[in-house]
Amino acid sequence: MSAQVSRREVLAFGWLPFFRPKHIALAGARFRILRNGRSRRRYLVIHGNEESARAVLVRHMETREGIAYVIEGHTRNVDVEGLKLDPNRMFSRIGAEASLKRLNPNLDPARLAHALDVLDHGRPKLIHALTPPAGGLTFALHNNSESYSVTDEVPISDQTSLREPLNPHAFFLCTDPSYFEKLKTSPYNVVLQQRAPSTDDGSLSRLAAAQGFRYVNLEVALGQTERQREMVWWLEWNLVR
Ligand SMILES: [Zn+2]
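These remarks concern the structure in this document. What you are looking at is a predicted structure, and each value in this text was computed from that prediction instead of being measured.

Reading the values: the criteria
- Residues numbered from 1 in each chain as written.
- Predicted model: local features only at pLDDT ≥ 70, side-chain atom pairs only at ≥ 80, totals over all residues.
- Heavy atoms only, no water.
- Donors = N, O, S within 2.8 Å, 3.2 Å for Na, K, Ca; no water.
- Tetrahedral: all angles 85-135°; square planar, octahedral: opposite > 155°, others 65-115°.
- Buried < 20%, exposed > 50% of the residue type's maximum accessible area, 1.4 Å probe, protein only.
- Axes fitted to C-alpha atoms, helices over the stretch in contact; angles between N-to-C directions.
- Helix = DSSP H or I, 4+ residues; strand = E, 2+ residues; numbered from the N terminus.
- Parallel < 35°, antiparallel > 145°, perpendicular 65-115°, else oblique.
- Left-handed = near helix turned anticlockwise from the far one by under 90°.
- Contact = heavy atoms within 4.5 Å.
- Core = buried A, V, L, I, M, F, W, Y, C linked by side-chain atoms within 4.5 Å.
- Salt bridge = Lys/Arg side-chain N within 4 Å of Asp/Glu carboxyl O.

Observations regarding the coordination of the zinc ion
- Protein ligation of the zinc ion involves His 47 (ND1), Glu 50 (OE), Glu 50 (OE) and His 142 (ND1), the donor distances falling in the range 2.0 to 2.5 Å.
- The site at the zinc ion holds four donor atoms, and with the angles between them running 56 to 145°, its shape is irregular.
- Read N to C, the donor residues that coordinate the zinc ion are spaced as H-x2-E-x91-H. Grouping residues by exposure puts His 47 and Glu 50 together as buried.

What follows is the structure, encoded as structure tokens:
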């Protein structure tokens, strides 16, 4: 009898993944959840207009284990109670406030406060999802354009290794010194930002530095899909844990 119960439990447990949520959202930032097997890797594409990063990650998850969160819209900014917000500024109230003020000129203070309260309410659940288990890694993929490159990060980094100075748009940004030691053996640009910057901009990298979880950001120029795929695989093969 007990064997039967345990078999039933096994069957029930086997069904559980079927009921796992396929989406998670914070205000207008809605992410599709892609799960594959069991791993301590978490992956993220947070800016909807970064189509190369999205294509690389979605295909990556067909063969790599972990949990990926892929933003659903196709614009950089998301909607929060009718206001525009950069989703990579929503991980703290102070960062979200600065982003909302910048993107919504002449904003009514009561509307601002309401949007910030909505974000405060939903934020812990999303942060919990994006935080890797102990010893794991959260790996975020981004694309950039002319206006942003590794040269913007060098002055605020603890260590840098610029092996590819003529391609400043392609670089890794990490928060863990042991990962920096590995990544700097690559032929690519790498910066370490271990200490949380004093200004809280509400980004996930700032949160990772403050909370002490392992985080790597990969920036590649929009459209450089093959280059981004190559760098993702370099990380996978060389940062085994
Ligand atoms: Zn981005």
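Re the packing of helix H2 (residues 51-60) against helix H8 (residues 225-238)
- Axis separation between H2 and H8 bottoms out at 9 Å; the angle between their running directions is 45°. As judged from the angle between their axes, H2 and H8 are oblique. At the point where H2 passes H8, the crossing takes the right-handed sense. For the pair H2 and H8, the contacting residues are Ser 52, Ala 53, Val 56, Arg 59 and His 60 in the first and Thr 225, Gln 228, Arg 229, Val 232, Trp 233 and Glu 236 in the second.

What about the nonpolar core?
- Of all hydrophobic cores here, the largest spans 62 residues; its most connected members are Phe 31, Phe 139 and Phe 172.
- Non-local contacts of Phe 172, meaning those with residues more than four positions away in its chain, are made with Phe 139, Leu 183, Tyr 188, Asn 189, Val 190, Val 191, Val 216, Asn 217, Leu 218, Met 231 and Leu 235.

With respect to the pattern of salt bridges
- Inspection of the entire model under this criterion finds 16 salt bridges.
- Among the salt bridges present, the one from Arg 41 reaches Glu 236, with a minimum N-O distance of 2.3 Å. Taken together, the residues Arg 41 in strand S3 (residues 41-45) and Glu 236 in helix H8 connect sequence positions 195 residues apart. Each member of the pair, Arg 41 as well as Glu 236, carries the same accessibility label: buried.
- When the shortest N-O distance is used, the salt bridge between Glu 50 and Arg 76 registers 3.4 Å. With Glu 50 in the loop between S3 and H2 and Arg 76 in the loop between strand S4 (66-71) and strand S5 (78-80), this pair connects stretches of sequence that are 26 residues apart.
- On the basis of relative accessible area, Glu 50 is assigned to the buried category, the value being 3%.
- Through salt bridges that share partners, Arg 93, Asp 117, Asp 120 and Arg 123 make up one connected network.

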